[in-house]
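# Fold and contact review
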Amino acid sequence: MNKGKIFKLAKGFRGRAKNCIRIARERVEKALQYSYRDRRTKKRDMRSLWIQRINAGTRIHGVNYGNFMHGLMKENIQLNRKVLSELSMHEPHSFKSLVDISRSAFPGNKNVVPAPQKKGLQILV
Amino acid sequence: MAASTTATLSLCSSFATHCKISQNLQTPSTYFSFPSLSLSSSHKLSSCSSRRPTFPLLTKSSESDSAVVVEAEFQAPEPEAGPDDSEPAALQVVETPSSEAPKREQLFAVVMIGGRQYIVIPGRFIYTQRLKGANVNDKIVLNKVLLVGTKTSTYIGKPVVTNAAVHAVVEEQGLNDKVVVFKYKKKKNYRRNIGHRQPNTRIRITAVTGYQDYPAVTLES
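Residues numbered from 1 in each chain as written. Chains lettered and ligands numbered in written order. Predicted model: local features only at pLDDT ≥ 70, side-chain atom pairs only at ≥ 80, totals over all residues. Heavy atoms only, no water.

### Some details on the overall build of chain B
To keep things clear, this is the line we draw: Strands here are runs of E lasting at least two residues and helices are runs of H or I lasting at least four, both read from the DSSP assignment and numbered beginning at the N terminus. Only protein chains enter the calculation, and the probe is 1.4 Å; a residue is then buried if its accessible area is under 20% of its type maximum, exposed if over 50%, and partly exposed in between. The criterion used for residue contact is that any of the two residues' heavy atoms lie within 4.5 Å.
The helix and strand tally for chain B stands at six helices and 11 strands. Counting over 221 residues, chain B shows a buried share of 43%. The long-range share in chain B, meaning contacts at least 24 apart out of those at least 6 apart in sequence, stands at 69%.

What follows is the structure in structure tokens.
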């Protein structure tokens, strides 16, 4: 029942694309092509998101993402970026110990101090 | 309390399923009688929230990546709650019913299965790639433990925490949801429509052992 399947996949489409078979067929084919392509790009997007999160988490402690990962590689810690981003969000103390390990493993990073916090308008009050 | 309860239920499907299973085992009689259905459902809710208190931060996790991991809703990224000062209200609200639930040791581990890493908590289940040769109700020992975290200390493996093992039980060998693989080239009359279901295995984690002798990093909590 090809038409039935097409309409089932076309639920939520805009305008005649959910009701009229000629238009729905085209839109559903396009949607399936996009899903094929995006299953591959989803992996790239997620990795990029994890890297952003790790970057944010390490910069709180004064280390940037590149140096952090370099230090982890040197120490042979093989946690992947997904797990590291989860730890940075939910396990702040474990993540801080990871940052400390990385900082000590990477020479030249030892005396990094987090940038002084910029004061807001509160100082005028 | 109600808001946090509904929030917990909506955000963590795997945990809700786990809750439901245990509830059915404990109260089979209430399941069948209609007038007490509301009672059992509210009991489910309260027991779900009672399990929750040890992991309040879990509800905040936007688990799109957890969905990818468990993809199973891949993996279950369920780290334990660190003592986080930013959420004292949520902790207090959820902690009051926790005294009723049996105390469970609060720890998590990062384990590598099938080339993928999962954050694992005892008592929960995760979906992994199909483990060949494992039958239902088999006990499994996972040796590639990359990190173990308890409430007071973290054991970071380089790359593996030596002698640490995660014990699990195979619950079910099933298939993932169907994915439609549609290949199409325009103006060339080429289209292929293929359905695909990836085999998976659901395993329930029972315990994490053997990490105590490893040099630990004590957290300043």
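Resuming the write-up.
### Some details on the packing of helix H3 (residues 65–74) of chain A against helix H5 (residues 92–105) of chain A
Geometry of a packed helix pair, given as the angle between the helix axes and the separation of the axes. Residues and elements named next belong to chain A. Rules: Convention adopted: a line fitted to C-alpha atoms gives each axis, helices being fitted over their contacting stretch, and angles between N-to-C directions are expressed from 0 to 180 degrees. These descriptions rest on fixed angle ranges, namely under 35 degrees for roughly parallel, over 145 for roughly antiparallel, 65 to 115 for roughly perpendicular, and the rest for oblique. Residues are grouped as follows: nonpolar covers Ala, Val, Leu, Ile, Met, Phe, Trp, Tyr, Cys and Pro; charged covers Asp, Glu, Lys and Arg; every other residue, Gly included, is treated as polar.
For the pair H3 and H5, the least separation of the axes is 8 Å and the interaxial angle reads 80°. By the angle between their axes, H3 is roughly perpendicular relative to H5. Taken together, the residues of H5 that come into contact with H3 (itself represented by Asn67, Phe68, Gly71, Leu72 and Lys74) are Phe95, Leu98, Val99, Ser102 and Ala105. Broken down by class, the residue content of the contact of H3 with H5 amounts to six nonpolar, three polar and one charged.

### Remarks on the packing of aromatic side chains
Working definition: an aromatic ring pair is given by the centre-to-centre distance plus the angle between the planes. Our working rule: In this analysis, rings of Phe, Tyr and Trp, with Trp reduced to its six-membered ring, are considered paired at centre separations within 6.5 Å, and the interplanar angle assigns stacked below 30 degrees, edge-to-face beyond 60, and tilted for intermediate values. Lysine NZ or arginine CZ positioned within 6 Å of the ring centre and within 35 degrees of the ring normal marks a charge as sitting over the ring.
Considering all chains together, one arrives at four aromatic pairs over all chains under this definition. Between the aromatic rings of Phe182(B) and Tyr184(B), the centroid separation amounts to 6.2 Å while the plane-to-plane angle is 15°, which identifies the pairing as stacked. Exposure remark for Phe182(B): the relative accessible area of 6% places this residue in the buried category. In this structure, Arg40(A) is placed above the aromatic ring of Tyr36(A), and the distance from its NZ or CZ to the ring centre is 4.1 Å. Against the face of Phe125(B) rests Arg202(B), its NZ or CZ located 5.1 Å from the ring centre.

### Description of the sheet that holds strand S3 (residues 125–129) of chain B
Residue and element names in this part refer to chain B. Formally: The pairing criterion is simple: DSSP has to find at least two bridges between the two strands.
Across the sheet, which stays open at both edges, the four strands sit in the order S3-S10-S7-S4 with antiparallel pairing between neighbours. Each having just a single partner strand, S3 and strand S4 (139–142) make up the two edges of the open sheet. Geometrically, the sheet is characterised by an average inter-axis angle of 40° between neighbouring strands, direction not taken into account. Where strand S7 (residues 165–175) meets strand S10 (residues 199–209), 10 bridges bridge the pair, whose relative direction is antiparallel. Residue pairing in the sheet places valine 170 in a bridge with isoleucine 203 of S10.

### Digging into the sheet that holds strand S6 (residues 153–156) of chain B
Within a beta sheet, neighbouring strands are joined by backbone hydrogen bonds and run either parallel or antiparallel to one another. The sheet built from five strands is open, its strands ordered S2-S1-S5-S6-S11 (chain B) with antiparallel pairing. Two strands close off the open sheet at either side, each with one partner strand: strand S2 (116–120) and strand S11 (217–218) of chain B. Bridge count between strand S1 (residues 108–113) of chain B and S2(B): five bridges; the pairing is antiparallel. Across the sheet, Ala109(B) pairs through a bridge with Val120(B), a residue of S2(B). On top of the sheet, helix H4 (residues 81–90) of chain A reaches S1, S2 and strand S5 (145–149) of chain B; it is set at about 25° to S2(B), its chief contact. Each of S1, S6 and S11 of chain B is contacted by H5(A), which is oriented at about 45° to S6(B), the strand it contacts most.

### Examining the nonpolar core
The following threshold applies: Buried Ala, Val, Leu, Ile, Met, Phe, Trp, Tyr and Cys residues form a nonpolar core when they are joined through side-chain atoms within 4.5 Å.
Ranked by internal contacts, the top residues of the largest apolar core, which has 23 residues, are Val111(B), Val148(B), Val166(B), Ile203(B) and Tyr211(B). Elements with a minimum of two residues in this core: S1, S2, S4, S5, S7 and S10 of chain B. Not counting residues within four places of it along the chain, the set of residues in contact with Tyr211(B) comprises Glu105(B), Leu107(B), Val148(B), Thr150(B), Tyr155(B), Val161(B) and Ala164(B). Of all hydrophobic cores here, the second largest spans 22 residues; its members include Ile54(A), Val63(A), Tyr65(A) and Phe68(A).

### Topic: the environment of Pro199(B)
All names here are of chain B. Within the secondary structure, proline 199 sits in strand S10. Judged by its relative accessible area of 27%, proline 199 is partly exposed. Separated by 70 residues in the primary sequence, proline 199 and glutamine 129 have C-alpha atoms spaced 6.7 Å apart. Ignoring any residue separated from it by four or fewer positions in sequence, one finds proline 199 in contact with Gln129, Arg130, Gly174 and Leu175.

### Re the confidence of the model for chain B
Residues and elements named next belong to chain B. Note the threshold: Note: pLDDT gives the predictor's confidence per residue, expressed from 0 to 100.
For chain B, the mean per-residue pLDDT works out to 67, and 52% of the residues sit at or above 70. Here residues 1–100 scores under 50 on pLDDT; set against residues more than four positions off or in separate chains, the count is 136 contacts. If you check the scores for this complex, the pTM reads 0.65 and the ipTM reads 0.79.

### Description of helix H2 (residues 21–60) of chain A
All names here are of chain A. Put simply, the test is: The span you would expect from a helix comes to 1.5 Å times its residue count less one. Bend is computed residue by residue as the angle between axes fitted to the seven residues ending at the residue and the seven residues starting at it.
The terminal C-alpha atoms of H2 lie 54 Å apart, and with 40 residues this matches the ideal 58 Å at 1.5 Å per residue to within 8%. When the local axis directions of H2 are compared, the greatest deviation, roughly 35°, occurs at arginine 39. By the burial criterion, the buried members of H2 are Ile21, Ala24, Val28, Glu29, Leu32, Thr41, Met46, Trp50, Arg53, Ile54, Gly57 and Thr58. One or two residues past the end of H2 sits glycine 62, with phi positive at roughly 90°.

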